[in-house]
Amino acid sequence: MTAWVTRALFVLCLLVPGVAHAQAGWYVTPAVSVAEEFDDNVFSSASNRKWDLISRFSPSLKAGYQSKPFTLLGSAGIDAEYFAQRPELSGEANRKRLGLTLQYVPELTTTFDLAASVIQTETPTDLQVLTGIERPRGTTTQWTVAPSAIHKFTPITSGDVGYSFSEDVSDALTLRSQQGRLGLSHQFSHLGTGVAHYTLREVDSDAAPASMSHALTAGWTWRFSPTTVLSVEAGPRLSDGVIQPDVTAALSHRFHQTGELSLNYARTETVLTGNAGKVEVNSLSAALSLTPQRSLGVTLGGLVGYTTAKDLPDTLVYRANATVSYRLTKWLTFDVSHRFSIEDRGPDRIYHNIFSIGLSAVYPVRAY
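Cut-offs applied
Residues numbered from 1 in each chain as written. Predicted model: local features only at pLDDT ≥ 70, side-chain atom pairs only at ≥ 80, totals over all residues. Heavy atoms only, no water. Helix = DSSP H or I, 4+ residues; strand = E, 2+ residues; numbered from the N terminus. Rg over C-alpha atoms; globule rule 2.2 N^0.38 Å. Contact = heavy atoms within 4.5 Å. Areas by Shrake-Rupley, 256 points an atom, 1.4 Å probe, with all protein chains shown as cover. Lys, Arg positive; Asp, Glu negative; His and termini not counted. Charge placed at Lys NZ, Arg CZ, Asp CG, Glu CD. Phe/Tyr/Trp six-rings, centres within 6.5 Å; stacked < 30°, edge-to-face > 60°. Buried < 20%, exposed > 50% of the residue type's maximum accessible area, 1.4 Å probe, protein only. Pairing = 2+ DSSP bridges. Salt bridge = Lys/Arg side-chain N within 4 Å of Asp/Glu carboxyl O. Polar contact = N/O pair within 3.5 Å; in protein donor to acceptor, adjacent residues only side chain to side chain. pLDDT = per-residue confidence, 0-100. Patch = residues over 30% accessible without salt bridge, like charges linked within 9 Å, V, L, I, M, F, W, Y side chains within 5 Å.

J.: Help me understand the overall build of the chain in this model?
T.: Summing up its helical and strand segments, the chain has one helix and 19 strands in all. Relative to the globule expectation of 21 Å for 368 residues, the C-alpha radius of gyration of the chain, 22 Å, shows essentially globular dimensions. Projecting the C-alpha coordinates of the chain onto the three principal axes gives extents of approximately 60 × 55 × 45 Å. Counting contacts in the chain only where the partners sit at least 6 residues apart, residues at least 24 apart contribute 48% of the total. Per element, the accessible surface of the chain, about 19,700 Å² overall, is 64% carbon and sulfur. Between the mean site of the 30 positive side-chain charges and the mean site of the 33 negative ones, the chain shows a separation of 7 Å.

J.: Help me understand the packing of aromatic side chains in this model?
T.: To describe a pair of aromatic rings, one takes the distance between the centres and the angle between the planes. Scanning all chains against the criterion turns up six aromatic pairs. Taking the centre distance of 6.0 Å and the plane angle of 35° together, the rings of phenylalanine 38 and tryptophan 51 count as tilted. Residue phenylalanine 38 is located in strand 1 (residues 25-39), and its partner tryptophan 51 is located in the loop between strand 1 and strand 2 (52-66); the two are separated by 13 residues in the primary sequence. When its relative accessible area of 40% is taken as the criterion, tryptophan 51 is described as partly exposed. Where tryptophan 220 meets tryptophan 222, the ring centres are 6.4 Å apart and the plane angle is 50°; that geometry is what we call tilted. Judged by relative accessible area, tryptophan 220 falls into the partly exposed class, the value being 27%. You can call tryptophan 222 partly exposed: its relative accessible area is 35%.

J.: Would you mind going over the pairing of strand 16 (residues 312-327) with me for this structure?
T.: Residues in a regular strand point their side chains to alternate faces of the sheet. With 13 bridges joining them, strand 15 (residues 296-309) and strand 16 adopt antiparallel strand pairing. Across the sheet, residue glycine 302 finds its bridge partner in strand 16, namely alanine 320. Where strand 15 hands over to strand 16, the hairpin turn is made up of two residues, counted between the paired strands. With antiparallel pairing between neighbouring strands as the criterion, strand 16 and strand 17 (residues 332-345) make up a hairpin whose turn holds four residues.

J.: What should I look at first to understand the pattern of salt bridges in this one?
T.: Side chains that differ in sign of charge can pair as their charged atoms come close. One pass over the full model with this rule turns up 18 salt bridges. One salt bridge in this structure joins glutamate 233 and arginine 181, with 3.8 Å as the shortest N-O distance. Here glutamate 233, found in strand 11 (residues 228-239), pairs with arginine 181, found in strand 8 (residues 174-187); they are 52 residues apart in sequence, far enough to count as distant. Overall, glutamate 233 belongs to the buried group, its relative accessible area being 10%.

J.: Can you walk me through the environment of glutamate 167 in this structure?
T.: For glutamate 167, the position within the fold is in strand 7 (residues 157-170). Sequence spacing of glutamate 167 and glutamine 142 is 25 residues, and the spatial spacing of their C-alpha atoms is 5.6 Å. Discounting chain neighbours no more than four positions away, the residues touching glutamate 167 are Thr141, Gln142, Trp143, Thr174, Leu175 and Arg176.

J.: Sorry if this is basic, but what is going on with the side chain of threonine 141 here?
T.: Here threonine 141 is to be found in strand 6 (residues 140-154). Polar side-chain contacts of threonine 141 include one of 3.1 Å to the side chain of glutamine 120. Apart from residues no more than four positions distant in its own chain, threonine 141 is found in contact with Val118, Ile119, Gln120, Glu167, Asp168 and Val169.

J.: Would you mind going over the side chain of glutamate 233 with me for this structure?
T.: Polar contacts involving the side chain of glutamate 233 include one to the side chain of histidine 197, which spans 2.8 Å. Looking at glutamate 233, its side chain comes within polar contact range of the side chain of threonine 217, at 2.8 Å. If near-sequence neighbours (up to four positions away) are discounted, glutamate 233 is found in contact with Arg181, Val195, Ala196, His197, Thr217, Ala218, Gly219, Asp246, Val247 and Thr248.

J.: When you look at the confidence of the model for the chain in this model, what are you seeing that I'm missing?
T.: Detailed reading of the predicted coordinates is not advisable wherever pLDDT is low. Mean pLDDT over the chain works out to 90, with 93% of the residues at or above the 70 mark. Within the model, pLDDT remains below 50 along residues 1-22, and this stretch shows 34 contacts once partners closer than five positions in the same chain are excluded.

J.: Sorry if this is basic, but what is going on with a nonpolar patch on the surface here?
T.: A cluster of nonpolar side chains, contributed by Val32, Val34, Phe57, Tyr326, Leu328, Phe334, Val336, Ile357 and Leu359, occupies part of the molecular surface with about 710 Å² of accessible area. Mapped by element, the contributors of at least two residues to the nonpolar patch are strand 1, strand 17 and strand 18 (348-362). Relative to the helices and strands, phenylalanine 334 resides in strand 17.

J.: Quick question: what am I supposed to make of the environment of serine 75 here?
T.: Here serine 75 is to be found in strand 3 (residues 70-83). It is 8.9 Å that separates the C-alpha atoms of serine 75 and threonine 101, two residues lying 26 residues apart in sequence.

J.: Is there a simple way to think about the environment of tryptophan 331 in this case?
T.: Relative to the helices and strands, tryptophan 331 is located in the loop between strand 16 and strand 17. Considering only alpha carbons, one finds tryptophan 331 and leucine 61, 270 residues apart in sequence, at a separation of 15 Å. Those residues within four positions of tryptophan 331 in sequence are excluded, and the remaining contacts are Ser360, Ala361, Val362 and Tyr363.

J.: How should I be thinking about unusual backbone geometry in this particular structure?
T.: Even without a glycine there, the phi angle at serine 44 is positive, about 50°. Among the secondary structure elements, serine 44 is positioned in the loop between strand 1 and strand 2. Judged by relative accessible area, serine 44 falls into the buried class, the value being 12%. Non-glycine residue aspartate 240 carries a positive phi angle of around 55°.

Pasting the structure below:
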């Protein structure tokens, strides 16, 4: 285990038991997974694709503390990988993860939250959740921190404030993004709630000057039934002197105890690792999780994204994934998964398939 992760685990172990001296509850959850993966495009290239068989070993640790007003959860983990065809890509820590979440509720009307993480990876495509765009292999480190607070002025009216900062450091570029958000919500009926937000975002890098945008959005949340909820929020966004729409929408439906369906749409600005400045993305994603049997789980997902930027060709991405999991015992799970993507980037088209089979063991230890 590398010194980086050893220090992370040591800090987490000091943090959590130290707080536990206040006679509140705490728990530690060690986990480990092993997987065999077939990747038909290791370098995410449009031509001369290279395949490989990858053996992955992933130990991790979560440590949590909980009392009535205060909750803390820390996590750390690594992915050690061995490449059968290209051993030079192998490493004892091809991915490193460190996370911390905190919640403080000093009174029933106010909640404070903090989320922070550090991720270092050789596959920066993992960080492109909204766009789904393939990025070349290379060491990338992402730091994020996001404090937020919610206060209820009355039982039906509340306000929220939040700030987030992220920094992506790669071989080619250091990219920083920060965002402030201020909002208000009011429940007009037991079926509908109105919301309004003002968002200020700034993006800068060591290859381009800082760019700022302002967005003013309003929306509504409809609760059609206890199991079906639709939320829509939209408004104008002023970015570098240009006005564009900023839209988010989400639909969720729960199938009693057998599964859940969610649909999400976003037209907004975001950042792309290795690219200076902001990008405009239109993204539609779907996820379906089913539990036909108590020990069997099926997850299906998909994404269609269209991304534009000043210094990049317009990019259209199609992505689909499927996972089948079977719980062998209370702490041991077997799973099989497949991820497929097509990326159209001008004259180039990137195809990518990843098949994986693995076992994961999670054994929580809790004390009160």
